[in-house]
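# Understanding the architecture of this molecule
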Amino acid sequence: MATPLSHLAVPLALALALGGDIVPPGLMALALVCAALPDIDALGLWLGIPYEHPLGHRGLTHSLPFAVALAGAGVLFAPALGADPLTAFGVLLTSAASHGLIDALTNGGLGVALLSPFSHRRSFLPWRVIEVSPLRPSALFSRRGLRVLRSEMRWVWLPCLVIGLVGFAVRALVGQV
Ligand SMILES: [Zn+2]
């Protein structure tokens, strides 16, 4: 996995790019949850569920169909959050789906079951550029941890910051800031 904090970069970039009118605070909070939630399967490691099991780490909760289901459930809250349902679906889907895709860019672990429950095959994307994060958070405070954070800065935070700032600049140009 990438570190849990780095998965939050995607919804934060969307909020910066689209602005508070399109992504109100409640929707952004829900998008942050959707981006982080897939790693709930790490609890399975303590419950005795093997990594490679369909419900193991990087299994069902990291898949694209799960992201669609999560975004679909989240849309039910859109009116209460003051968000347009279609926009909410897009923001939540992008946030949730980005989790598995970012993990599929890492250089360690078993790969991600991107199509679960239709296929439990684990795979990576062709570019495994992100240094995989250790499962034990304490291991981040080490030389390896620094390498992981540097890699995530380069491949997750920097592209997200650019996307967020480009969106912000476009909104400023059309007078929506
Ligand atoms: Zn993950």
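Above this text sits the structure in question.
My aim in this report is to walk through the structure given alongside it, one point at a time.

In terms of regular secondary structure, the protein is built from eight helices and zero strands. The C-alpha atoms of the protein give 17 Å as radius of gyration, which agrees with the globular expectation for 177 residues (16 Å, within 12%). Within the protein, buried positions represent 42% of all 177 residues. Taking as baseline every contact in the protein between residues at least 6 positions apart, the subset at least 24 positions apart corresponds to 62%. Carbon and sulfur atoms make up 74% of the accessible area of the protein, which amounts to about 9,400 Å² in all. Side-chain charges in the protein split into 11 positive and 8 negative, and the spacing between the mean points of these groups amounts to 12 Å.

Where empty space is left can be seen by rolling a probe of water-molecule size over the atoms. In total, this model carries one cavity of 30 Å³ or more according to the counting rule given. Within this model, the largest cavity holds a volume of roughly 30 Å³. What lines the largest cavity is Pro 38, Thr 61, His 62, Ser 63, Phe 66, Ala 67, Leu 70, Ala 96, Ala 97, His 99 and Gly 100. If you list the elements that add at least two residues to the lining of the largest cavity, you get helix H5 (64–75) and helix H7 (85–103). Top contributing element to the lining of the largest cavity by residue count: H7, with four residues.

What follows concerns the packing of helix H2 (residues 9–18) against helix H8 (residues 143–173). In contact at an axis separation of 6 Å, H2 and H8 are set at 15° when each is read in the N-to-C sense. Overall, the two elements H2 and H8 adopt an arrangement that is roughly parallel. Crossing handedness for the pair H2 and H8: right-handed. Taken together, the residues of H8 that come into contact with H2 (itself represented by Ala 9, Val 10, Leu 12, Ala 13, Leu 16, Ala 17 and Leu 18) are Val 156, Trp 157, Cys 160, Ile 163, Gly 164, Leu 165, Gly 167, Phe 168 and Arg 171. Among the residues forming the contact of H2 with H8, the class breakdown is 13 nonpolar, two polar and one charged.

With that out of the way, let us pick up the coordination of the zinc ion. Of the protein atoms, only Asp 39 (OD), His 62 (NE2), His 99 (NE2) and Asp 103 (OD) coordinate the zinc ion, at distances of 2.0 to 2.2 Å. Around the zinc ion sit four donor atoms, and with donor-metal-donor angles ranging over 90 to 161° the site reads as irregular. Sequence spacing among the residues donating to the zinc ion works out to D-x22-H-x36-H-x3-D. With Asp 39 in the loop between helix H3 (25–36) and helix H4 (43–47) and Asp 103 in helix H7, this pair connects stretches of sequence that are 64 residues apart. Look at Asp 39 and you get buried, because its relative accessible area is 12%. A relative accessible area of 0% means that Asp 103 is categorised as buried.

All chains considered together, the criterion is met by two salt bridges. Arg 147 is the salt-bridge partner of Glu 131, the closest N and O atoms lying 3.8 Å from each other. Of this pair, Glu 131 sits in the loop between H7 and H8 while Arg 147 sits in helix H8, and the two are 16 residues apart along the sequence. Arg 147 sits in the partly exposed class, given a relative accessible area of 38%.

So, on to a nonpolar patch on the surface. A surface patch of nonpolar side chains, about 760 Å² in accessible area, is lined by Leu 16, Leu 158, Leu 161, Val 162, Leu 165, Val 166, Phe 168, Val 170 and Val 177. No other element matches H8, which puts seven residues into the nonpolar patch. Relative to the helices and strands, Leu 165 resides in helix H8. Residue Leu 165 is classed as partly exposed on the basis of its relative accessible area of 45%.

Quick notes on the rules
Residues numbered from 1 in each chain as written. Predicted model: local features only at pLDDT ≥ 70, side-chain atom pairs only at ≥ 80, totals over all residues. Heavy atoms only, no water. Helix = DSSP H or I, 4+ residues; strand = E, 2+ residues; numbered from the N terminus. Rg over C-alpha atoms; globule rule 2.2 N^0.38 Å. Buried < 20%, exposed > 50% of the residue type's maximum accessible area, 1.4 Å probe, protein only. Contact = heavy atoms within 4.5 Å. Areas by Shrake-Rupley, 256 points an atom, 1.4 Å probe, with all protein chains shown as cover. Lys, Arg positive; Asp, Glu negative; His and termini not counted. Charge placed at Lys NZ, Arg CZ, Asp CG, Glu CD. 1 Å grid on protein atoms, 1.4 Å probe; cavity = no way out; pocket = protein on both sides within 12 Å on 5 of 7 lines; lining within 4 Å. Points joined across faces, edges and corners; volume = space filled by probe spheres on them. Axes fitted to C-alpha atoms, helices over the stretch in contact; angles between N-to-C directions. Parallel < 35°, antiparallel > 145°, perpendicular 65-115°, else oblique. Left-handed = near helix turned anticlockwise from the far one by under 90°. Nonpolar A, V, L, I, M, F, W, Y, C, P; charged D, E, K, R; others polar. Donors = N, O, S within 2.8 Å, 3.2 Å for Na, K, Ca; no water. Tetrahedral: all angles 85-135°; square planar, octahedral: opposite > 155°, others 65-115°. Salt bridge = Lys/Arg side-chain N within 4 Å of Asp/Glu carboxyl O. Patch = residues over 30% accessible without salt bridge, like charges linked within 9 Å, V, L, I, M, F, W, Y side chains within 5 Å.

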